[in-house]
Amino acid sequence: MTRELDTGTTDLLAHIDGHVGVITFNRPERRNALSDAMYEGFGRVLPTLAEDEDVNVVMVTGNGGAFCAGGDVKGMHESHQPGAAPRRSGSLQVSTDVLRRLQKQVSLALHRFPKPVVAAIPGAAAGAGMSIALACDIRLAAERALVVPAFANVGASGDFGGSWFLTQLIGTAKAKELYFTSPRLTAAEACDLGIINQVLADDGFDRAALDWCQGLADRAPIAMRYMKENLNRAVTCDVETALDAEAANMVLSMGTADHREAAAAFVEKRTPNFTGQ
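Residues numbered from 1 in each chain as written. Predicted model: local features only at pLDDT ≥ 70, side-chain atom pairs only at ≥ 80, totals over all residues. Heavy atoms only, no water.

### Examining the pairing of strand 4 (residues 57–62)
Heads up, the rule is: Partly exposed residues are those whose accessible area sits between 20% and 50% of the maximum for their type, while under 20% is buried and over 50% is exposed, using a 1.4 Å probe and protein chains only. Strands here mean DSSP runs of E at least two residues long; helices mean DSSP runs of H or I at least four residues long; both are numbered from the N terminus. A pair of strands is treated as paired once DSSP finds two or more bridges between them. Note on handedness: a crossover is taken as right-handed if, strands pointing away from the viewer, the path from the first strand over the helix to the second is clockwise.
Of all six residues that make up strand 4, six are buried, and the element is covered over most of its length. Neither face of strand 4 is left uncovered, since the one carrying Val57, Met59 and Thr61 and the one carrying Val58, Val60 and Gly62 both have all their residues buried. The pairing of strand 3 (residues 20–25) with strand 4 spans six bridges and is parallel. Following the sheet pairing, Phe25 is matched in strand 4 by Gly62. Once you follow strand 3 into helix 1 (residues 36–51) and on to strand 4, the crossover reads as right-handed. Two strands pair when backbone bridges link them, and strand 4 and strand 5 (residues 117–121) are joined in this way by three bridges, in the parallel orientation. In the strand pairing of strand 5, Val58 is matched with Val117.

### A short note on the layout of surface pockets
To keep it simple, the criterion reads: With a 1 Å grid spanning the protein atoms alone, the term cavity applies to any set of points in which a 1.4 Å probe fits but cannot get out, the term pocket to an open set with protein on both sides within 12 Å along at least five of seven lines, and the term lining residue to any residue with an atom within 4 Å of a point. Grid points are joined across faces, edges and corners, and a volume is the space filled by probe spheres set on the points. Residue polarity is assigned by list, with Asp, Glu, Lys and Arg as charged and Ala, Val, Leu, Ile, Met, Phe, Trp, Tyr, Cys and Pro as nonpolar; anything else, Gly included, falls into the polar class.
In this structure, the second largest pocket occupies an estimated 440 Å³ of space. Looking at the lining of the second largest pocket, the elements that each hand over two or more residues are helix 1 and helix 9 (221–234). A class-by-class count of the residues in the lining of the second largest pocket yields nine nonpolar, six polar and eight charged.

### So, empty space enclosed by the protein
Across all of its chains, the model carries one cavity of 30 Å³ or more by this definition. Surrounding the largest cavity, Ile121, Ala125, Met130, Ala133, Leu134, Arg139, Val147, Ile195 and Ile196 form its lining. The element contributing the most residues to the lining of the largest cavity is helix 4 (residues 128–135), with three residues. Its residues assigned to classes, the lining of the largest cavity comprises eight nonpolar, no polar and one charged.

### Description of unusual backbone geometry
Of note, the phi angle at Phe160 is positive, near 60°, even though the residue is not glycine. Residue placement: Phe160 occurs in the loop between strand 8 (146–148) and helix 5 (162–170). At Lys269, a position not held by glycine, the phi torsion is positive, near 55°. Among the structural elements, Lys269 can be located in the segment after helix 11 (257–268).

Okay, here's the thing in structure tokens:
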């Protein structure tokens, strides 16, 4: 049983399926290139999913065979033609401030989202689309999927956090190589590099990715939230800070009804039934 959510736009769709909130890029005629409406849609739906106690995992995917092509290069070209209205008006500082806000509304919000976020990549994830996939916690890709930094190909330096997330995943030297040369990585190649977590078959990819997320959603949600906090913190903190925070979160998670249920299920040799309590 699914429940539709209002994102304020048809460019970005959202619904809840079981314990999984699904966000879908929906501009298939432009390979799900980003739009202002999409950014605002993320800003509207992510807080709703964060507050919904029925949602344990969020999956971000794309309609029409692509994940997200990144910036709308065709739209950029059209805005450069004589007499065309500029895509965004204002000074350099205003434009910079706007982009900073949008990046926080999408990539930073996904990274800091209090529940696991999975990118399900059915096809190309390019440029800022790749960056947004990297902002998620886990990436599942169809065999046919491609991961393309793409920024060098359009004379741009990159945005939506791709440089930071990619460096965390694969190291500085390899991240620089990929940004400078912009190869078209197959799903298998991206998986070998550690960019993609799992490659799933093309046939039935949407269902398989959702089933994977449903399996994750069946795990103890409070523990998963604290795990994400610990792992995000570990990127920037020292070991003593990590140990102190782990201790606090461990005590909190072991005081839950879910922990007691898991211990009982282990002894009774059955599957635990987690309630998020």
